[in-house]
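# Observations on chain architecture
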Amino acid sequence: MSFNESQLERYSGVFLALFSIVIYFVIIPWQIRNIAGETITPRSFPSTITAVMFVLSVCLFISGWRKKDLTDQKNFQISREEILLAGATLLAVGGYNLLLYVIPYIPATIIVLAILIWLYGQRKLWKLGAVSVMLPVVIFVAFTYFLKLQLP
């Protein structure tokens, strides 16, 4: 598939805006419990990030709309392999969500992060292992001890 710059920005902007709306109004209320009366709740960070994603996606759409009549736009190609990689990533993230119901955050994140790093081409096991083990631990410590938020 081939897209010019303005098409890609407009399509991406619409997709990301719709995706952020689904996250904000469906997935966050469904997956993250709300604690009434608290200033910072488990929904605070995901809601803020999703709102920022929506605003940026609207900006991306506007940028693409303003460029639509320009003649010197870049052309972008997406290959079959890239489409398959995107699908595999979505499956891994969906599997991660299900895995969190079965095992705790750190082991689930290590497994899925290792799979994603491998899918995206890292074949050196020491790098793959170091990142997929250290990153979940750092995130867990930051959320649990510094932000006082409980991860699944």
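The coordinates are above.
The text that follows walks through the structure, step by step, so that each part is easy to find. Here the structure is a predicted model, which is why all the values come from computation and not from measurement.

The rules behind the values
Residues numbered from 1 in each chain as written. Predicted model: local features only at pLDDT ≥ 70, side-chain atom pairs only at ≥ 80, totals over all residues. Heavy atoms only, no water. Helix = DSSP H or I, 4+ residues; strand = E, 2+ residues; numbered from the N terminus. Polar contact = N/O pair within 3.5 Å; in protein donor to acceptor, adjacent residues only side chain to side chain. Contact = heavy atoms within 4.5 Å. Buried < 20%, exposed > 50% of the residue type's maximum accessible area, 1.4 Å probe, protein only. Lys, Arg positive; Asp, Glu negative; His and termini not counted. Salt bridge = Lys/Arg side-chain N within 4 Å of Asp/Glu carboxyl O. Phe/Tyr/Trp six-rings, centres within 6.5 Å; stacked < 30°, edge-to-face > 60°. Lys NZ or Arg CZ within 6 Å of the ring centre and 35° of its normal. Expected span 1.5 Å × (residues − 1). Arc of directions from axis to C-beta.

### Overview of the side chain of Ser57
Its location among the elements puts Ser57 in helix α2 (residues 44–67). Looking at Ser57, its side chain comes within polar contact range of the main-chain oxygen of Phe54, at 2.7 Å. Not counting residues up to four positions away in its chain, the partners in contact with Ser57 are Gly13, Leu16 and Ala17.

### Some details on the side chain of Arg10
By the secondary structure assignment, Arg10 is in helix α1 (residues 5–31). Buried and without a salt bridge, Arg10 has Glu9 as its closest oppositely charged side chain, separated by 7.7 Å. When neighbours within four sequence positions are excluded, Arg10 is seen to be in contact with Phe61, Gly64, Trp65 and Lys68.

### Points about the packing of aromatic side chains
One pass over the structure, following the stated rule, counts six aromatic pairs. Their ring planes at 80 degrees and their centres at 5.9 Å tell us that Phe3 and Tyr11 sit as a pair that is edge-to-face. Between Phe15 and Phe19, the aromatic rings sit 5.9 Å apart at their centres with planes inclined by 5 degrees, giving stacked as the arrangement. Of this pair, Phe15 and Phe19 both sit in helix α1, four residues apart, which is roughly one turn of the helix. Since its relative accessible area comes to 54%, Phe15 is described here as exposed. For Phe19, a relative accessible area of 38% gives the class partly exposed. Sitting over the ring of Trp65, Lys68 keeps its end group 3.8 Å from the ring centre.

### Points about helix α5 (residues 125–146)
Between its terminal C-alpha atoms α5 stretches 31 Å, which fits the 32 Å expected from 22 residues at 1.5 Å a residue. Among the residues of α5, those classed as buried are Leu128, Ser132 and Pro136. In an axial view of α5, the angular spread of the buried residues amounts to 35 degrees, which keeps them on one side of the axis. Those residues of α5 that are exposed and aimed more than 90 degrees away from the buried face are Trp126, Met134, Val138, Tyr145 and Phe146. Its buried side turned inward, α5 meets α4 (105–119). Just past α5, the residue Lys148 takes up positive phi, approximately 60 degrees.

### Here's the deal with the pattern of salt bridges
Applying the stated criterion to the full structure yields two salt bridges. Close ionic contact of Glu5 with Lys67 constitutes a salt bridge, the shortest N to O distance being 2.9 Å. One end of the pair, Glu5, is in helix α1; the other, Lys67, is in helix α2, and 62 residues separate them in sequence. In this structure, the salt-bridge partner of Glu9 is Lys67, at a minimum N-O distance of 2.8 Å. Note that Glu9 is positioned in helix α1 and Lys67 in helix α2, a separation of 58 residues in sequence. Among the residues examined, Glu9 registers a relative accessible area of 13% and is labelled buried. On the basis of relative accessible area, Lys67 is assigned to the partly exposed category, the value being 21%. One continuous salt-bridge network, built from bridges that share partners, spans Glu5, Glu9 and Lys67.

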